[in-house]
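Per-entry structural report
Each chain, written out:
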Amino acid sequence: MSVQGLASILKPLLLKTSARSVFIDRFEEVLHIEYGQVEYWKARRSLVFAKHLRKIGDKFRQEILNSDDEKDSTVMKKDWRKNKKKEGSAVGGPYLAVHLRRADFLYARKNFVPTLDGAVKQIKAIMEKQKLDTVFLATDAPENEINYLKERLPLVKYEPTRSVLKKYGDGGMAIIDQWICAHAKYFVGTKESTFSFRIQEERDILGFNADTTFNCLCSDKELGTCEQPTRWRIVY
């Protein structure tokens with residue numbers, strides 16, 4: 001099934017089908033009727049990452065990033081309906097997580113994406129402010145760009161074995177990256193990236209403070225001045 005529009009248009013089709021499983025192409029583009037409201041978050045908490053992929057991410061966190069749920073205050077209940085953590089209750093692992101979108105964003109969202117040097121400058125500033133000395137990177141950048149960043153930053157990435165990649169594919173690797181990013185002490189993503197959105201939502205569910213979660217890298221032209229959701233304030 002492929003759909004574009006509000007989630008409500010799915011209801012009559014799903015009620016009619018006798019199938020036990022339905023594949024919905026580009027489901028992330030379906031518009032939520034009550035985005036951000038109570039019913040939305042009930043549904044979002046039910047979207048739990050597969051246990052075997054979480055397990056891989058947790059192993060990497062423990063072995064490479066000195067991070068585990070007990071130390072990070074990110075222990076979750078098995079029943080997703082009971083996971084209603086207080087904001088700020090999560091501490092996170094001792095690392096900065098960065099999602100740096102490249103590929104088509106370089107032309108489709110060129111006003112939102114920094115140059116590699118611009119990204120390095122911003123990441124170093126965050127590391128200094130947050131007193132962190134390790135950066136976990138999730139990116140779709142090519143190998144030569146990743147190597148460029150590694151030469152300038154204390155960078156680590158999750159590198160799957162051939163067997164793991166073959167078994168779980170690129171989609172599985174993306175989930176592992178998101179899971180690791182979700183547990184960092186501080187996260188900064190790419191503006192208008194659904195990959196970053198999902199990490200931010202997961203951190204919200206885990207109980208992280210909004211100030212450590214809803215942050216975006218700025219383009220070089222907007223360095224230090226681009227829109228940051230954590231700085232939004234309600235004005236009466």
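Predicted model, so just to flag it, every value in this text is computed and none were measured.

As for the overall build of the protein chain
Of the regular secondary structure elements, the protein chain holds 9 helices and 4 strands. The linear arrangement of helices and strands in the protein chain, starting from the amino end, is α-α-α-α-β-α-α-β-α-β-α-β-α. The globule rule puts the C-alpha radius of gyration for 236 residues at 18 Å, and the 18 Å found for the protein chain is close to it. Projected onto the principal axes, the alpha-carbon positions of the protein chain cover approximately 55 × 40 × 40 Å. Each of the 236 residues in the protein chain was classed as buried or not, and the buried ones make up 41%. In the protein chain, of all internal contacts separated by at least 6 residues, the share reaching a separation of at least 24 is 64%. When the accessible area of the protein chain is evaluated, it comes to approximately 14,500 Å², of which 54% is carbon and sulfur surface. Within the protein chain, the 32 negative side-chain charges are centred at a point lying 4 Å from the centre of the 41 positive side-chain charges.

Comments concerning helix 3 (residues 51-64)
Between its terminal C-alpha atoms helix 3 stretches 20 Å, which fits the 20 Å expected from 14 residues at 1.5 Å a residue. All buried positions along helix 3 are accounted for by Leu 53, Ile 56, Gly 57, Phe 60 and Arg 61. Summarising the axial view, the buried residues of helix 3 lie within an arc of 135°, below the 170-degree limit, and thus occupy one face. Among the exposed residues of helix 3, those oriented more than 90 degrees off its buried face are Lys 51, Lys 55, Lys 59, Gln 62 and Glu 63. One or two positions beyond helix 3, positive phi appears at Asn 66, with a value near 55°.

What to know about the packing of aromatic side chains
Tallied over the full model, the rule gives 3 aromatic pairs. On the numbers, 5.8 Å between centres and 65° between planes, the contact of Phe 60 with Phe 136 is edge-to-face. With Phe 60 in helix 3 and Phe 136 in strand 2 (residues 135-139), this pair connects stretches of sequence that are 76 residues apart. Both residues of the pair, Phe 60 and Phe 136, count as buried. Centre to centre, the rings of Phe 60 and Tyr 158 are 5.8 Å apart; their planes meet at 85°, and the pair counts as edge-to-face. Placement of the pair is Phe 60 in helix 3 and Tyr 158 in the loop between strand 3 (155-156) and helix 8 (162-182), with a sequence separation of 98 residues.

A short note on the packing of helix 3 against helix 8
Packing of helix 3 against helix 8 brings their axes to within 9 Å, and their N-to-C directions diverge by 60°. The handedness of the crossing between helix 3 and helix 8 comes out as right-handed. Between helix 3 and helix 8, the contacting residues are His 52, Leu 53, Arg 54, Ile 56, Gly 57, Asp 58, Phe 60 and Arg 61 on the first element and Val 164, Tyr 168, Gly 172, Ile 175, Ile 176, Trp 179 and Ile 180 on the second. The residue inventory of the contact of helix 3 with helix 8, partitioned by class, reads 9 nonpolar, 3 polar and 3 charged.

Re a positive patch on the surface
Residues Lys 51, Lys 55, Lys 59 and Lys 78 make up a contiguous surface patch of positive charge. Looking at the element boundaries, Lys 59 is found in helix 3.

Some words on the sheet that holds strand 3
In space, the 4 strands of this open sheet follow the order 3-2-1-4, with parallel pairing throughout. The sheet is open, and its two borders are formed by strand 3 and strand 4 (184-188), each paired with just one other strand. Strands in contact with helix 8 are strand 1 (93-100), strand 2 and strand 4; relative to strand 2, the strand with the most contacts, it is inclined by about 145°. Each of strand 1, strand 2 and strand 4 is contacted by helix 9 (residues 194-206), which is oriented at about 145° to strand 4, the strand it contacts most.

Here we look at the environment of Arg 152
The residue Arg 152 is located in the loop between helix 7 (143-150) and strand 3 in this model. Once the C-alpha coordinates of Arg 152 and Lys 121 are considered, the two residues, 31 residues apart in sequence, prove to be 9.7 Å apart. Excluding residues that lie within four positions of it along the chain, Arg 152 makes contacts with Asp 117, Val 120 and Lys 124. Within polar-contact distance, the side chain of Arg 152 engages the side chain of Glu 151 at 3.2 Å.

Rules of the game
- Residues numbered from 1 in each chain as written.
- Predicted model: local features only at pLDDT ≥ 70, side-chain atom pairs only at ≥ 80, totals over all residues.
- Heavy atoms only, no water.
- Helix = DSSP H or I, 4+ residues; strand = E, 2+ residues; numbered from the N terminus.
- Rg over C-alpha atoms; globule rule 2.2 N^0.38 Å.
- Buried < 20%, exposed > 50% of the residue type's maximum accessible area, 1.4 Å probe, protein only.
- Contact = heavy atoms within 4.5 Å.
- Areas by Shrake-Rupley, 256 points an atom, 1.4 Å probe, with all protein chains shown as cover.
- Lys, Arg positive; Asp, Glu negative; His and termini not counted.
- Charge placed at Lys NZ, Arg CZ, Asp CG, Glu CD.
- Expected span 1.5 Å × (residues − 1).
- Arc of directions from axis to C-beta.
- Phe/Tyr/Trp six-rings, centres within 6.5 Å; stacked < 30°, edge-to-face > 60°.
- Axes fitted to C-alpha atoms, helices over the stretch in contact; angles between N-to-C directions.
- Left-handed = near helix turned anticlockwise from the far one by under 90°.
- Nonpolar A, V, L, I, M, F, W, Y, C, P; charged D, E, K, R; others polar.
- Patch = residues over 30% accessible without salt bridge, like charges linked within 9 Å, V, L, I, M, F, W, Y side chains within 5 Å.
- Salt bridge = Lys/Arg side-chain N within 4 Å of Asp/Glu carboxyl O.
- Pairing = 2+ DSSP bridges.
- Polar contact = N/O pair within 3.5 Å; in protein donor to acceptor, adjacent residues only side chain to side chain.

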